[in-house]
Amino acid sequence: MRIEGGKREMLARLELKLGGTEPLSYQMTSSFHGALMELLPEYAAELHESRLHPYTQHLERRESGWYWVVTALNDLAVSEIMEKALRSLDEIRIRSHQLRIPILEREYRELSDREFSASFYQGEGGRYIGLQFVTPTAFKQNGRYLNFPDLRFMFLNLMNKYDAAISDSSMRDDEVLEQLLNGASLHRYELRSTVFSLEGVRIPAFLGKMVLKISGTQTMANFARMLFLFGSYSGIGIKTALGMGAIRVSEERKTGHEGGAAQAEHRKSFA
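Structure report, in brief. (Residues numbered from 1 in each chain as written. Predicted model: local features only at pLDDT ≥ 70, side-chain atom pairs only at ≥ 80, totals over all residues. Heavy atoms only, no water.)

Considerations on the packing of aromatic side chains
Tallied over the full model, the rule gives six aromatic pairs. Taking 4.8 Å as the distance between ring centres and 75° as the angle between the ring planes, the aromatic pair formed by phenylalanine 133 and phenylalanine 206 counts as edge-to-face. Residue phenylalanine 133 is found in strand E6 (residues 128-137), and its partner phenylalanine 206 is found in strand E10 (residues 201-214); the two are separated by 73 residues along the sequence. You'll find phenylalanine 133 and phenylalanine 206 in the same group, each marked buried. Just above the ring of tyrosine 233 sits the side chain of arginine 13; from NZ or CZ to the centre is 4.4 Å. We note arginine 62 situated over the ring of tyrosine 67; from NZ or CZ to the ring centre the distance is 4.2 Å. (Phe/Tyr/Trp six-rings, centres within 6.5 Å; stacked < 30°, edge-to-face > 60°. Helix = DSSP H or I, 4+ residues; strand = E, 2+ residues; numbered from the N terminus. Buried < 20%, exposed > 50% of the residue type's maximum accessible area, 1.4 Å probe, protein only. Lys NZ or Arg CZ within 6 Å of the ring centre and 35° of its normal.)

As structure tokens, then:
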């Protein structure tokens, strides 16, 4: 595990509240992905060639309506996606459904490399971490879908996503992974199975909430919290660029009641 060294990258999230009268659904996320790629043709070609996905996007239903949530996992993605493509966007064109969806509100958040590192080096937070799987989540092994939150796949997936997006640092470490697994346990969960339809394929997945307890050293507890903080931007599991695997993270008291959000962010508005 190496998280020191040179400059790490900025993480960013843009939440767009959607208007219009046409009904939306989670299954339309691939169409929104297509709309995003149309907004950044040169960068999309680079992403296709590199097979890296330093961004995610998903649709999310809240009490006040539908939101399109887009994240960027390094400085280049922030520049190309947030600044150039989405900064002045006032509507989203979904050509496959012949829709023009107006943007009613927007909220932009950033997490700097210093704030991200502080979650590891300066924290002595609680041992209970709450996770909410906002969109259908799944993993894949040997060609088979796994629709249950296996802890080894969760930690390993987040390490790999970090290393793919942040080239100047390395989190993947088999010894650290084993220490995490020895200290982590499933404290409480409310999960249900579901499916995510993607271009005619029905992917078995899960939704819901869980609380992890992290035993062992404080260093391992801090590292686990930092991984999931990154996961709140990167998503977890497969197809995160196409709408799967969005998570929210909270720090929990021992009783399992939700505490304060385990992350510090700068909130900005795009004028």
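With respect to the environment of isoleucine 94
Here isoleucine 94 lies in strand E4 (residues 91-94). When the C-alpha positions of isoleucine 94 and glycine 34 are compared, they lie 7.9 Å apart, and in sequence the two are 60 residues distant. Excluding residues within four positions of it along the chain, isoleucine 94 makes contact with Ser31, Phe32, Ala35, Leu99 and Ile101. (Contact = heavy atoms within 4.5 Å.)

Describing the side chain of glutamate 110
Inspection of the secondary structure puts glutamate 110 in strand E5 (residues 99-111). Side-chain polar atoms of glutamate 110 contact the side chain of tyrosine 108, separated by 2.9 Å. (Polar contact = N/O pair within 3.5 Å; in protein donor to acceptor, adjacent residues only side chain to side chain.)

Looking at the sheet that holds E10
An order of E9-E10-E6-E11 is seen for the four strands of this open sheet, with the pairing classed as antiparallel. Looking along the sheet, the strands with just one partner apiece sit at the ends: strand E9 (184-198) and strand E11 (247-252). Ignoring which end each strand starts from, the neighbouring axes of this sheet average 15° apart. Relative to the sheet, helix H6 (residues 174-183) contacts E9 and E10, its axis offset from that of E9 by approximately 110°. (Pairing = 2+ DSSP bridges. Axes fitted to C-alpha atoms, helices over the stretch in contact; angles between N-to-C directions.)

Here's the deal with the pairing of strand E3 (residues 65-72)
Of all eight residues that make up E3, eight are buried, and the element is covered over most of its length. Summarising the sheet, strand E1 (residues 11-18) and E3 pair through six bridges and their orientation is antiparallel. Following the sheet pairing, alanine 12 is matched in E3 by alanine 72. In this sheet, E3 lies alongside strand E2 (residues 55-62) in antiparallel orientation, the contact comprising eight bridges. Paired with tyrosine 55 across the strands is alanine 72, a residue of E3. From the end of E2 to the start of E3, which pair antiparallel, there are two residues.

Digging into the pairing of E6
For E6, the buried fraction is high: nine of the ten residues fall into the buried class. By the bridge criterion, seven bridges tie E6 to E10 in an arrangement that is antiparallel. Bridging across to E10, phenylalanine 133 finds its partner in glycine 208. Where E6 lies against E11, six bridges are found, and the strand directions are antiparallel. By the bridge assignment for E11, phenylalanine 133 is matched with isoleucine 247.

Some words on the nonpolar core
Counting residues in each nonpolar core, the largest one holds 40 residues, and the members touching the most others are Phe116, Leu131, Met154, Phe155, Leu180, Phe223 and Phe228. Of the residues forming this core, the biggest block, ten residues, is contributed by helix H7 (residues 218-234). Those residues in contact with leucine 131 that sit more than four places away from it in its chain are Met154, Gly208, Lys209, Met210, Leu212, Phe228, Arg248 and Val249. Among the nonpolar cores identified, the runner-up in size contains 34 residues, and Leu16, Ala35, Leu89 and Ala241 belong to it. (Core = buried A, V, L, I, M, F, W, Y, C linked by side-chain atoms within 4.5 Å.)

So, the packing of H6 against H7
Interhelical geometry of H6 versus H7 gives an angle of 100° and a closest axis separation of 10 Å. Here H7 runs roughly perpendicular to H6, going by the angle between their axes. Side by side, H6 and H7 meet where Val176, Gln179 and Leu180 of the first sit next to Met220, Phe223, Ala224 and Leu227 of the second. Classifying every residue of the contact of H6 with H7 gives six nonpolar, one polar and no charged. (Parallel < 35°, antiparallel > 145°, perpendicular 65-115°, else oblique. Nonpolar A, V, L, I, M, F, W, Y, C, P; charged D, E, K, R; others polar.)

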